[in-house]
Amino acid sequence: MQDSMLERIAADPNYQELRSKRLRFGWLLTIAMLVVYYGFIAIIAFDKALLAKRIGSGVTTWGIPVGFGVILFTIVVTAIYVMRANSEYDDLTERVKREALK
Amino acid sequence: MRPTMTPGRFLGMSTLLVAPSAVMAAGALEGEVTKQATNWTAIGMFGLFVVLTLFITKWAAGRTKSAADFYTAGGGISGFQNGLAIAGDYMSAASFLGISAAVMANGFDGLIYSIGFLVGWPILTFLMAEKLRNLGKFTFADVAAFRFEQTPVRLFAAISTLVVVAFYLIAQMVGAGQLIKLLFGLEYWMAVVIVGALMMVYVLFGGMTATTWVQIIKACLLLGGASFMAFMVMSAFGFSFERLFAESVRIKTDLAAAEGKTAEEAAAAGQSIMGPGNFVKDPISAISFGMALMFGTAGLPHILMRFFTVPSAKEARKSVMWATIWIGYFYMLTFIIGFGAIVFVLTNPSFLEMKDGVPGLIGGSNMAAVHLANAVGGNVFLGFISAVAFATILAVVAGLTLSGASAVSHDIYQSVVKKGRADSASELRVSKITTIALGIVAVILGIAFEKQNIAFMVSLAFAIAASANFPVLFLSILWKGMTTRGAVIGGFLGLISSVVLTVLSPSVWEATLGNPKGSAPFPYTSPALFSMTLAFLGIWLFSVTDKSRRAAIDKAGYLAQEVRSETGIGASEASAH
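Residues numbered from 1 in each chain as written. Chains lettered and ligands numbered in written order. Predicted model: local features only at pLDDT ≥ 70, side-chain atom pairs only at ≥ 80, totals over all residues. Heavy atoms only, no water.

1. Looking at the interface of chain A and chain B
Listed as interface residues are 52 residues of chain A and, on the opposing side, 50 residues of chain B. Ranking the residues of chain A by area buried against chain B places A:V59, A:F68 and A:I71 at the top, with a combined share of 13%. Taken together, the connections running from chain A to chain B amount to five salt bridges. A salt bridge links B:E130 to A:R22; its shortest N-O distance comes to 2.6 Å. If you list the elements that add at least two residues to the side of chain A that touches chain B, you get α1 (3-11), α2 (13-46), α3 (48-52) and α4 (63-100) of chain A. Here the element with the most residues in the side of chain A that touches chain B is α4(A); it accounts for 21 residues. (Contact = heavy atoms within 4.5 Å. Buried area = accessible area lost by both parts, 1.4 Å probe. Salt bridge = Lys/Arg side-chain N within 4 Å of Asp/Glu carboxyl O. Helix = DSSP H or I, 4+ residues; strand = E, 2+ residues; numbered from the N terminus.)

2. Focus on the packing of helix α7 (residues 108-118) of chain B against helix α15 (residues 283-297) of chain B
Residues and elements named next belong to chain B. Between α7 and α15, the least distance of the axes is 7 Å, while the angle of their chain directions is 35 degrees. Across the interface between the two elements, Y113, G116 and F117 from α7 touch F289, L293, M294 and T297 from α15. The class makeup of the residues in the contact of α7 with α15 is five nonpolar, two polar and no charged. (Axes fitted to C-alpha atoms, helices over the stretch in contact; angles between N-to-C directions. Nonpolar A, V, L, I, M, F, W, Y, C, P; charged D, E, K, R; others polar.)

3. Structural notes on the nonpolar core
Counting 207 residues, the largest nonpolar core has B:F96 and B:M229 as the members making the most contacts within it. Of all the elements, helix α18 (residues 368-417) of chain B adds the most residues to this core, at 22 residues. Not counting the four nearest positions on each side in its chain, B:M229 is found in contact with B:F96, B:I337, B:A369, B:L372, B:A373, B:V376, B:F381 and B:I385. Of all hydrophobic cores here, the second largest spans eight residues; its members include A:M5, A:Y15, A:A100 and B:I569. (Core = buried A, V, L, I, M, F, W, Y, C linked by side-chain atoms within 4.5 Å. Buried < 20%, exposed > 50% of the residue type's maximum accessible area, 1.4 Å probe, protein only.)

4. As for helix α20 (residues 456-478) of chain B
All names here are of chain B. The end-to-end C-alpha distance of α20 is 32 Å, a good match for the 33 Å that 23 residues give at a rise of 1.5 Å each. A maximum bend of about 40 degrees is found in α20 at F470, where proline P471 lies one to four positions downstream. Counting buried residues in α20 gives 22 out of 23 residues, a clear majority hidden from the surface. (Expected span 1.5 Å × (residues − 1). Bend = angle between axes of the 7 residues up to and from the residue.)

5. What about the pattern of salt bridges?
By the definition in use, this model includes 17 salt bridges over all chains. The residue A:R19 makes a salt bridge to B:E562 at a minimum N-O spacing of 2.9 Å. With A:R19 in helix α2 and B:E562 in helix α25 (residues 558-567), this residue pair bridges two chains. Residue classification places B:E562 among the buried residues on the basis of a relative accessible area of 9%. Between B:R154 and B:D142 there is a salt bridge, with the nearest N and O atoms lying 2.7 Å from each other.

6. Here we look at unusual backbone geometry
In most cases, non-glycine residues show a negative phi, while peptide bonds are predominantly trans. All names here are of chain B. Positive phi outside glycine occurs at F239, with the angle close to 55 degrees. Within the secondary structure layout, F239 lies in the loop between α12 (188-236) and α13 (241-258). F239 gets classed as partly exposed once you look at its relative accessible area, which sits at 48%. Of note, the phi angle at K419 is positive, near 50 degrees, even though the residue is not glycine. Assignment of secondary structure puts K419 in the loop between α18 and α19 (424-448).

7. Observations regarding the UniProt feature "transmembrane region" (unreviewed entry) in chain A
All names here are of chain A. Taken from the UniProt record, the annotation "transmembrane region" (unreviewed entry) applies to residues 25-46 and 62-82. Between the C-alpha atoms that bound residues 25-46 there is a distance of 31 Å. The span itself is 100% helix and 0% strand. The span residues 62-82 shows a helical share of 95% and a strand share of 0%, and its end C-alpha atoms are spaced 30 Å apart. (UniProt positions renumbered as here; feature names shortened; annotations may be inferred.)

Right, dumping it as structure tokens:
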């Protein structure tokens, strides 16, 4: 890539929007994932009884929906990011590319 | 299936109940196994799998002409296919048999363990996947060394790749040998040689195309088989989790009572499978182990390599999404399968045998899913699951070997020795020679480590990937101030410290080297918390203090790297077919 084109892309508002949006959203979801997973581990490490508590009168404990919930959360946040990236970010990328190759 | 009684340490149920960590800390398949009678149904099914995959290899060989075909299937794999292949790479026989066995023994703890393997995927998606695709060509070193001095960073990445691959490979080879002895009734060394030979055929002739399809087929078979088992278990309980759990708790309570516990103790032992047990011993171990699994996923060379097989960043994203869905679904299935094993296997005398007065599973604790296959689907389904388990190891081993071979041929031979001037044909020749060498070494190490306690090896591979590959890759993408010096010193600090701390930890110091219990100088399960911190600090310190001319070039190169990583302009395209 030539330096002139590089500077043009870097100065393109579409590029700056793409970069800052993706960075912010990526970090936001990363932090959400870290909080959920290490929160789960911390509950187990510091208060085992909490997740061993039964729901209602059966043997099923709160640990089951929480554990399965962490798995579902993992899948859902990934899907949210990918869907947004495949529409919004890819549109922005296309615009940046069009500008750059003009 | 008739058991042949061979002498050997037998891992009985009661041992498992009091000492879960031996199984839990293992990503690898381990624990003593007893050789079973030759199972012709299983061998026949496996034979079918081999014939099918060899046809695919023949087809793939016709499409494998250049180095790009060999490493990345010419970039022509779709996101959905790649997602399945990544899942195929990641769902090892150890996670299928090991996690379902852990759930059978300890219930909820098995779920905690499997969740750790899943949570790295979103991180990889959010911060790295598409950028990897935009910056790299064949190996993760392409990305890590993008704007740095090639020779030192490539050497670091290649060494780190080979170390990770070696530990992962040994664990798989030993697992293969044990599993085949268990399932097919063949000798250990024969199993290891068969795995080594088939893997070499796939990789040598079919390269990444054949490896990918072997992984896709295996992933479909494994997901299909596991779904069927989970369905059969749930249908027996009217698809009510509560009824399945209630029956499991009742059985565990009875088993505890039969061991001579008082009614109260037995009831507590039964209910204990529904909550966290001994898996999380101390918070530091838990966090450290969680970090190794989470960030190790984003640093495993054979997984990272898969991102270069798709044509664009969009497909790279789709790959991780599908991979996350399949892997998450798979871990839910193994949880159900583990509880199914409590109900259908632990209560059925034909799957149990008495050893030293303790009841245990015929063939060892890892047989939970295999016996359950027999219980819900009869002998033919048992053969199917056995064949799938073997196919699973084969696919993982092929992926590992390909990534090791690419580190030698692309990173060392092409980039360091030939300074990027070797032609595609000679690079391809070097990767094929390396594949043969790696195959032979894997077979020899697999046989050499037969009697060793290798429980630590997969965890170690994850810890190294998290402590050496991940920090270098992550910071090279996101931090402008990183320099060649910082990358190399920080990376090696992570690599060396994770290996040394693992050797000093209980799983090697006590379990493998035989030192007395409690004598390990490093008391925690995983080194990642410390070795990752050290790597990040090392990279930071040796970058900010780096005033060399090279450091100025490294920083000046960031903008070009950033633009390409964000937009894909200039990224290597899929080669035409």
